[in-house]
Amino acid sequence: MKEVLKNYSGIIFLLIGITVGSILGIVAPQIVDYIKPLGDIFLNLLFVSVVPLVFFAVSNSISSLEQQSKFGKIIFAMIFTFLLFILVAAIFTIGMVYLFPVSSISGSSEIISEATKEENWGDRIVSFFTVGEFTEVFSRKNMLALLIFAFLTGFAARKSGENGKPFRIFIASGYEVMKELLLMIMKIAPIGLGAYFAYQVATLGPQLFGFYAKPLGLYYISGIIYFFVFFSLYAFIADRKNGIKNFWKNAVFPTLTALSTCSSFATMPTNLVAASKIGTPSSIANLIIPIGTTLHKNGSSMSSIIKIYVAFQIIGRDFFEPPNLLLALGITVFVSIVAGGIPNGGYIGEMLMISVYQLPQEAVPAVIIIGTLVDPLATVLNAVGDIVAAMFVNRFVKV
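A. View of the overall build of the chain. Within the chain one finds 17 helices and zero strands. Buried residues in the chain amount to 52% of all 399 residues. Surface summary for the chain: the accessible area is close to 18,500 Å², and the carbon and sulfur share equals 67%.

Printed below as a string of structure tokens:
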């Protein structure tokens, strides 16, 4: 019993913190503003630590791969896995909205508008992949640029041979230090996540019973089915019955972290720990999970389809016309790549969807409200999906 309590103490304390926070959010919402800073402090510590962890984890994973052929196989398997999972999630959601259609709804009377910079598409593409100053690379607002920089740094460290050995040692040491720092920060997770969860319950809870209940219910039902059925299927393909057992045994903590923070970045440290316990080699997990945090998003894929479908219902267009479905799949893949792993990071994708389909102004509030309210489950699917993706890649690339 002592061993069981020791192994599950982190989860138990986290559940206690979330439960207390939820109760406070329901019965005493007036004090939420006073305890929310505790959650913000915890998240800020996580974000500050995750950025260097991404750099060291990705660059170390690439620089430590000795065989060129093995490196190529991992990258190819990763791209194939990410695209497969994203498209399966999107097609599954299309099937769900076809079988269980949502009646037409009207847009919110509240107009949500934000000032945006006037940029052409060339400037936007450049800003997605690169930054103009070295210091800007190490910002969580530029995670795709950071991933590319870490990828190229690791590759350069591999190519430098003996002269680059001290730098490769530095990268490996930096990864170990940042991993330990994050484990230290996670000790205060029950307090930080409890405070943050109290804020979520107090602010978002009443809206869940509002005007968008049916599409939200469809998303949550579809997402839960996908979470248990498809993740189990992927784990089974990865390692048969042992894969299912090991995945669900170690997926609890990352799931609770994702649910509480609505942040893939905040969940990444627990994902790395879970992958290690499952037995996924670090050379794979430390590459797939950090990159997957930005580029692999099952939940965003599903929410993108739901939002496009609801927008079409608002304006009275047929979502199931073949051209609209094909365009939806293309948008979904792109949204799943560019949506940041931070709370409400899907706004970029929502604005992209409105722009590509040339939807009217009244569709904007609907997709933003739905995007906000599905964020907790979407984050769970996004973040925890990286663990099973690493298992899946390991099945075909043995390191």
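B. Summary view of the nonpolar core. Counting 102 residues, the largest nonpolar core has Tyr226, Phe231, Phe247 and Phe319 as its most contacted members. Those residues in contact with phenylalanine 231, other than ones at most four positions away along the chain, are Tyr226, Phe247, Trp248, Asn298, Leu381, Val384, Gly385 and Val388.

C. Focus on helix α13 (residues 298–315). The end-to-end C-alpha distance of α13 is 27 Å, a good match for the 26 Å that 18 residues give at a rise of 1.5 Å each. The buried fraction of α13 is high, at 16 of 18 residues.

D. Region of interest: the pattern of salt bridges. If you walk through the whole model with that rule in mind, you get two salt bridges. For lysine 36, the salt bridge identified is with aspartate 40, shortest N-O distance 2.9 Å. Of the two residues, lysine 36 and aspartate 40 are both situated in helix α2 (residues 32–63); the distance of four residues between them amounts to about one turn of the helix. Given a relative accessible area of 25%, aspartate 40 falls into the partly exposed group.

E. Here's a closer look at the environment of isoleucine 370. By the secondary structure assignment, isoleucine 370 is in helix α16 (residues 363–373). On a C-alpha basis, the gap between isoleucine 370 and proline 215 in space is 8.1 Å, while along the polypeptide they are 155 residues apart.

F. Examining the environment of tyrosine 98 more closely. Of note, tyrosine 98 is situated in helix α3 (residues 68–99). Through-space distance from the C-alpha of tyrosine 98 to that of phenylalanine 319 is 9.6 Å; in sequence the pair is 221 residues apart.

G. How the structure looks around the packing of aromatic side chains. Applying the stated rule across the entire model yields 30 aromatic pairs. An aromatic cluster of at least three residues, connected via ring pairs, comprises Phe85, Phe92, Tyr226, Phe227, Phe228, Phe230, Phe231, Tyr234, Phe247, Trp248, Phe392 and Phe396. Over the face of the ring belonging to tyrosine 199 we find lysine 36, whose NZ or CZ atom lies 4.7 Å from the ring centre. Stacked on the ring of phenylalanine 396, the Lys or Arg arginine 395 has its end atom at 5.3 Å from the ring centre.

H. Region of interest: the packing of helix α9 (residues 213–250) against α13. As a packed pair, α9 and α13 sit with axes 11 Å apart at the nearest point and diverge in direction by 150°. Compared by their axis directions, α9 and α13 come out roughly antiparallel. At the point where α9 passes α13, the crossing takes the right-handed sense. Counting all contacts with α9, which are made through Pro215, Leu218, Tyr219, Ser222, Gly223, Tyr226 and Phe231, the residues of α13 involved are Asn298, Gly299, Met302, Ser303, Ile306 and Val310. Per-class residue counts for the contact of α9 with α13 are eight nonpolar, five polar and no charged.

I. Region of interest: the side chain of threonine 270. Considering the arrangement of structural elements, one finds threonine 270 in helix α11 (residues 264–278). By relative accessible area, threonine 270 is classed as buried at 6%.

J. Quick look at the packing of α9 against helix α10 (residues 252–261). Packing of α9 against α10 leaves a shortest axis separation of 14 Å and a crossing angle of 145°. Here Phe227, Trp248, Lys249 and Asn250 of α9 come into contact with α10, specifically with Val252, Phe253, Pro254 and Thr255. Classifying every residue of the contact of α9 with α10 by side-chain character gives five nonpolar, two polar and one charged.

K. Main features of the side chain of threonine 379. For threonine 379, the location among the structural elements is in helix α17 (residues 375–396). Once residues lying within four places of it in the same chain are set aside, the contact partners of threonine 379 are Ala258, Cys262, Ser263, Ser264 and Val384.

L. Just a nonpolar patch on the surface, in detail. Taken together, Ile221, Ile224, Ile225, Phe228 and Val229 make up a surface patch of nonpolar side chains, about 440 Å² in accessible area. In this fold, isoleucine 221 is placed in helix α9.

M. Molecular detail of the environment of asparagine 44. Of note, asparagine 44 is situated in helix α2. Spatially, the C-alpha atom of asparagine 44 lies 9.3 Å from that of alanine 266, the residues being 222 residues apart in sequence.

N. Examining unusual backbone geometry more closely. Phi is positive for arginine 240, close to 55°, though the residue is something other than glycine. With respect to the helices and strands, the residue arginine 240 is situated in helix α9.

Criteria and thresholds
- Residues numbered from 1 in each chain as written.
- Predicted model: local features only at pLDDT ≥ 70, side-chain atom pairs only at ≥ 80, totals over all residues.
- Heavy atoms only, no water.
- Helix = DSSP H or I, 4+ residues; strand = E, 2+ residues; numbered from the N terminus.
- Buried < 20%, exposed > 50% of the residue type's maximum accessible area, 1.4 Å probe, protein only.
- Areas by Shrake-Rupley, 256 points an atom, 1.4 Å probe, with all protein chains shown as cover.
- Core = buried A, V, L, I, M, F, W, Y, C linked by side-chain atoms within 4.5 Å.
- Contact = heavy atoms within 4.5 Å.
- Expected span 1.5 Å × (residues − 1).
- Salt bridge = Lys/Arg side-chain N within 4 Å of Asp/Glu carboxyl O.
- Phe/Tyr/Trp six-rings, centres within 6.5 Å; stacked < 30°, edge-to-face > 60°.
- Lys NZ or Arg CZ within 6 Å of the ring centre and 35° of its normal.
- Axes fitted to C-alpha atoms, helices over the stretch in contact; angles between N-to-C directions.
- Parallel < 35°, antiparallel > 145°, perpendicular 65-115°, else oblique.
- Left-handed = near helix turned anticlockwise from the far one by under 90°.
- Nonpolar A, V, L, I, M, F, W, Y, C, P; charged D, E, K, R; others polar.
- Patch = residues over 30% accessible without salt bridge, like charges linked within 9 Å, V, L, I, M, F, W, Y side chains within 5 Å.

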